[in-house]
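# Architecture and fold: a report
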Amino acid sequence: MKLEEFQAKRLYADFGIPVTEGILITDHAHAKAAAEKVGLPVVVKAQVQAGGRGKAGGVKLARTHAEVVEISESILGMTIKDLLVERVLIDPAVAIAGEYYIGITVDRRKKLPVLMASAAGGVDIEKVAAETPEKIIFHPINPERGLRPFEAKQVAFKLFTDKKKALAAAAIMVKLWCCYRDTDASLAEINPLVELEDGSILAIDAKVVLDDSALYRHPDLEKLRIATPNEEKELAAKAMGLSYVQLDGEIGCMVNGAGLAMATMDVIKHLGGTPANFLDIGGSSSSEKVVYAMKLLVSDANVKAIFINVFGGITRCDDVARGLVQALEQINTDLPFVVRLTGTNEEEGRKILADAGISATSDMTGGARRAIALAAGEEAVE
Ligand code: GDP
Ligand code: MN
């Protein structure tokens with residue numbers, strides 16, 4: 001679960017990290033009042049769960065009350081990386097003397113948390129990491145001992161020569177670690193951490209990703225969830241007992257079992273197609289689940305063909321077949337689909353489908369190839 005900047009900043013403030021304190025608004029009619037409280041000049045900042053807002057025109061400086069209103073009106077309602085901007089943060093503008101990057105995440109190779117720090121902060125740390133990785137300091141953290149003050153100081157003195165600034169940055173790194181650890185985050189990032197003209201150090205941007213699997217331990221944080229439309233779909237599917245992850249390809253996949261669902265996406269990719277989603281309808285698939293899954297796939301405008309890949313173990317092919325027939329009676333769609341059915345109660349399943357005029361293959365690769373051809377608008381060759 002991703003936090004938006006204003007949420008992440010509040011969390012950082014709770015851990016004692018100095019941050020700019022702005023006011024969140026959802027309507028430009030409140031922009032002037034917010035700017036009066038915050039004090040001009042202000043920065044109007046789009047709140048969406050995506051980076052690169054500055055480059056997309058979602059972060060703008062406003063010097064007058066008229067500008068705050070005008071800029072808020074233009075940013076509210078814009079889309080950044082397909083996400084609609086419904087909230088903006090009216091944040092105090094600060095006089096920046098230097099921009100730095102600090103972040104903590106998991107180093108999968110070392111299987112440890114890692115503190116990353118760079119004097120090349122500001123926008124696009126991914127670009128720095130890809131093109132000039134030597135500009136980023138990586139400091140692994142022993143999860144039992146945590147990030148100790150002397151380690152943070154070693155890193156901070158590589159960024160700042162001035163002792164006061166280095167110590168201030170080191171204190172922020174330790175607090176960032178405490179926040180990362182105590183919230184079960186998978187990422188806690190400050191980009192940029194800025195040095196002001198008066199020499200003080202503070203966070204003007206904040207990004208936090210929380211580990212979904214640990215959210216049960218943090219009911220307060222779970223309440224902060226602002227679901228994007230895709231996540232709404234995923235959460236609704238979860239409530240139905242399905243695991244659904246939306247992707248951006250063309251082949252809608254309906255599969256029973258997580259392993260087979262992964263393998264199905266791999267096969268589609270391998271054969272040159274693009275999966276539109278991961279969808280595991282689960283081990284014991286009732287007809288209702290299949291109907292729901294079919295509706296999910298059909299509601300995705302990117303989907304050009306559907307590949308239903310069922311290997312009956314605990315799942316019975318006849319249940320899936322009944323669900324499919326019901327789904328097709330209920331849903332009005334012209335989307336082509338391919339069914340691969342094999343395993344428990346295969347014969348019964350095939351008969352149910354055949355009675356409804358649907359043929360099924362037992363060959364997974366052939367089925368995937370056919371679905372890709374259908375998505376491309378070709379008449380599929382068997
Ligand atoms: P991001 O593009 O989504 O990472 O959004 P940021 O909050 O990091 O803002 C992008 C850039 O805008 C920062 O790197 C700063 O250079 C600039 N910026 C943001 N807030 C301020 C501010 O208060 N004063 C000044 N001068 N620049 C700011
Ligand atoms: Mn940023």
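Note that the coordinates shown come from a computational prediction; the quantities given were computed from them, not determined experimentally.

## Looking at the coordination of the manganese ion (ligand 2)
Looking at the manganese ion (ligand 2), the protein donor atoms are Asn191 (O) and Asp205 (OD), and they sit 2.1 to 2.2 Å from it. Residue Asn191 is located in strand E10 (residues 185-196), and its partner Asp205 is located in the loop between strand E11 (201-203) and strand E12 (207-210); the two are separated by 14 residues in the primary sequence. Here Asn191 and Asp205 have matching classes, each one buried.

## Some details on the domain arrangement of the protein chain
Domains assigned within the protein chain are domain 1 (21-92), domain 2 (96-222) and domain 3 (229-375). A separation of 25 Å is found between the C-alpha centroids of domain 1 and domain 2. Between domain 1 and domain 2, the residue contacts involve four residues of the former and four residues of the latter. Around 310 Å² of area is buried between domain 1 and domain 2 when both sides are counted, 33% of it from carbon and sulfur atoms. Considering only the side of domain 1, the residues that lose the most area to domain 2 are Lys45, Arg53 and Lys55, jointly responsible for 78% of the buried surface there. The interface formed by domain 1 and domain 2 includes two salt bridges. With its nearest N and O atoms 3.0 Å apart, the salt bridge here joins Asp205 to Arg53. Counting across the domain 1 and domain 2 interface gives three residue pairs in polar contact (both at pLDDT 80 or more). Here the side of domain 1 that touches domain 2 is composed, by residue class, of no nonpolar, no polar and four charged.

## Quick word on the nonpolar core
Judged by nonpolar contacts, the single largest core of 41 residues is most densely connected at Tyr12, Met173 and Ile190. Elements with a contribution of two residues or more to this core: helix H1 (5-14), strand E7 (96-107), strand E8 (112-118), helix H5 (149-159), helix H6 (163-182), E10, E11 and E12. Considering every element that reaches this core, the biggest residue donor is H6, with ten residues. Ignoring anything within four residues of it in the chain, the contact list for Ile190 reads Tyr12, Ile17, Tyr100, Tyr101, Ile102, Ile172, Leu176, Ala203 and Asp205. By size, the runner-up hydrophobic cluster in this structure holds 29 residues, among which are Met254, Val303, Leu324 and Leu353.

## Concerning the site of ligand 1
Surveying the vicinity of ligand 1 reveals 17 residues, the closest of which are Lys45, Arg53, Gly54, Val94 and Glu99. Note that an oxygen atom of ligand 1 is positioned 2.8 Å from one of the backbone N or O atoms of Gly54. With respect to ligand 1, the side chain of Asp205 contributes an N or O atom lying 3.0 Å from an oxygen atom. In isolation ligand 1 exposes 570 Å². Once the protein is present, 80% of that is buried. Mapped onto the shell around ligand 1, the elements with two or more residues apiece are strand E2 (42-46), E7 and E10.

## Regarding unusual backbone geometry
Put simply, Leu40 and Pro41 share a cis peptide bond, and its omega is -10 degrees. As for its position among the elements, Pro41 is in the loop between helix H2 (31-38) and E2. Put simply, Asn191 and Pro192 share a cis peptide bond, and its omega is 10 degrees. Tracing the backbone shows Pro192 in strand E10. In this structure, Lys111 is a non-glycine residue whose phi angle is positive, near 60 degrees.

Thresholds applied
Residues numbered from 1 in each chain as written. Chains lettered and ligands numbered in written order. Predicted model: local features only at pLDDT ≥ 70, side-chain atom pairs only at ≥ 80, totals over all residues. Heavy atoms only, no water. Donors = N, O, S within 2.8 Å, 3.2 Å for Na, K, Ca; no water. Helix = DSSP H or I, 4+ residues; strand = E, 2+ residues; numbered from the N terminus. Buried < 20%, exposed > 50% of the residue type's maximum accessible area, 1.4 Å probe, protein only. Domains from an automatic or database assignment. Contact = heavy atoms within 4.5 Å. Buried area = accessible area lost by both parts, 1.4 Å probe. Salt bridge = Lys/Arg side-chain N within 4 Å of Asp/Glu carboxyl O. Polar contact = N/O pair within 3.5 Å; in protein donor to acceptor, adjacent residues only side chain to side chain. Nonpolar A, V, L, I, M, F, W, Y, C, P; charged D, E, K, R; others polar. Core = buried A, V, L, I, M, F, W, Y, C linked by side-chain atoms within 4.5 Å. Near = heavy atom within 4 Å. Areas by Shrake-Rupley, 256 points an atom, 1.4 Å probe, with all protein chains shown as cover.

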